[in-house]
Amino acid sequence: MYKTNRRPEIIHCHDWATGLVPPILWDIYEKLGWNNSRCVYTIHNNECQGLCGFGDKLLGMVGLDVKNYMTPDRMQDDTHKNCINMMKAGIVYSNFVTTVSPTYAGELKTAAGGRGLQTTLTKNGAKLGGVLNGIDYDTWNPRTDTKIAATYSVGDDFTEKYRNKAALREWLGLWDAWRPIISVVTRLTHQKGLDLIKHAIHASQTMDAQFVLLGSAPDPKVNNDFLALQHQLRDNHNVNLYIGYHEDLSHLIYAGSDMFLVPSLYEPCGLTQMISVRYGTVPIVRETGGLMDTVFDVENSGKGLSEANGFSFRDATAESLDYGLGRAVRMWFDNPEAFNRLARNGMRYDFSWRDPAVHYENIYNYIKA
């Protein structure tokens, strides 16, 4: 870009892999005429921070002097003193730092959420803010989705949504019974609460519900663990575990399920709960990160039936999960009118990119001023 004589006003960097861009801009390119360029640095997930034990070589390769940067107030990792931390570099040298939800921004400044960066993020708190992610409302739209059995909208009586439920049961070989379908669509990683997902599979059976899982794991051991569970439950027509990924099936799960479970141990933003409410499928989530910014419990959020869109639970324990799951299933059986009210409330929320785009535009204008 420099050789083409372009001068960007804003450079927006994301996660550890781009963490060296802000100091390179400050140390090298500002002296070459890019003194009006500004950097925004977004942390999507701070689990990977780009720790490097051969910082002298790495910084030398990009034209930076390690003696100027291997200090506690710059790139030196707060825990591993012999390493540079590329995410820390992005935080320290950018003009503004964003995360993918307001609640996650607060969690990053705690010992549990900061993962070693909490001191740095607290010191830079004046330029830290959370902007909730959005989803593509053209791709995820029950009115126009060609991957589902029947299209529908918030104004319909949900007859067409129930056609999707029947189609989902037919696809996965579930019994046609008066039971709610609880679904999970996720990467099977530790972050997503694997033990809680397993517990929910079995708990759903004691609650007279059906359970659908679509997911796969990057770790072969985890994948094999769920494949073994799939084999164990192969004759149970109230459970289907699809280990892998199938784009068309994911759309039908969102449209055909009654409830959507997200029991993450931590969740910077989360997109699946946003998609589920878009399709009138009521989410049940753990109270963490972006899940707290998008799912509002019917009993505990203060919003009541007029604005609430789901259920939540606080702790990453089986007992706490049962509290959220049990309330959702009981409402489905005992008060279907209230349950459908939650579903319609969710469909009316706007989790598109419209509002986040405005927030980012405001941030860009703020740091340019």
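Cut-offs applied
Residues numbered from 1 in each chain as written. Predicted model: local features only at pLDDT ≥ 70, side-chain atom pairs only at ≥ 80, totals over all residues. Heavy atoms only, no water. Helix = DSSP H or I, 4+ residues; strand = E, 2+ residues; numbered from the N terminus. Buried < 20%, exposed > 50% of the residue type's maximum accessible area, 1.4 Å probe, protein only. Contact = heavy atoms within 4.5 Å. Axes fitted to C-alpha atoms, helices over the stretch in contact; angles between N-to-C directions. Parallel < 35°, antiparallel > 145°, perpendicular 65-115°, else oblique. Nonpolar A, V, L, I, M, F, W, Y, C, P; charged D, E, K, R; others polar. Pairing = 2+ DSSP bridges.

## Brief notes about the side chain of Ser-204
Turning to step 1, where the next piece is worked out: Mapped onto the elements, Ser-204 comes out in helix 9 (residues 194-206).
Turning to step 2, where the next piece is worked out: Residue class for Ser-204 comes out buried when judged on its relative accessible area of 0%.
Turning to step 3, where the next piece is worked out: Those residues within four positions of Ser-204 in sequence are excluded, and the remaining contacts are Ile-182, Ala-209 and Phe-211.

## Here's the deal with the packing of helix 9 against helix 10 (residues 220-232)
Packed helices, taken two at a time, are described by their axes: the angle between them and the distance between them.
Turning to step 1, where the next piece is worked out: The N-to-C vectors of helix 9 and helix 10 enclose an angle of 5°; their axes lie 13 Å apart at closest approach. As judged from the angle between their axes, helix 9 and helix 10 are roughly parallel. Contact residues: Leu-194, Ile-197, Lys-198, Ile-201 and His-202 in helix 9; Val-222, Asp-225, Phe-226, Leu-229 and Gln-232 in helix 10.
Turning to step 2, where the next piece is worked out: Of the residues in the contact of helix 9 with helix 10, the class split is six nonpolar, two polar and two charged.

## A word on the sheet that holds strand 10 (residues 259-262)
Turning to step 1, where the next piece is worked out: One open sheet holds the six strands; their spatial order is 9-8-7-10-11-12, and the pairing between them is parallel. Pairing within the sheet leaves two strands with one partner each, and these edge strands are strand 9 (239-243) and strand 12 (311-313). Averaged over all pairs of adjacent strands, the angle between strand axes in this sheet comes to 15°, irrespective of strand direction.
Turning to step 2, where the next piece is worked out: Examined bridge by bridge, strand 11 (residues 282-286) and strand 12 share three bridges and lie parallel to one another. Paired with Ile-284 across the bridge in strand 12 is Phe-311.
Turning to step 3, where the next piece is worked out: With respect to the sheet, helix 8 (residues 159-172) is in contact with strand 7 (181-187), strand 8 (210-216) and strand 9, its orientation differing from that of strand 7 by roughly 65°.

Keep in mind these values describe shape, not function.
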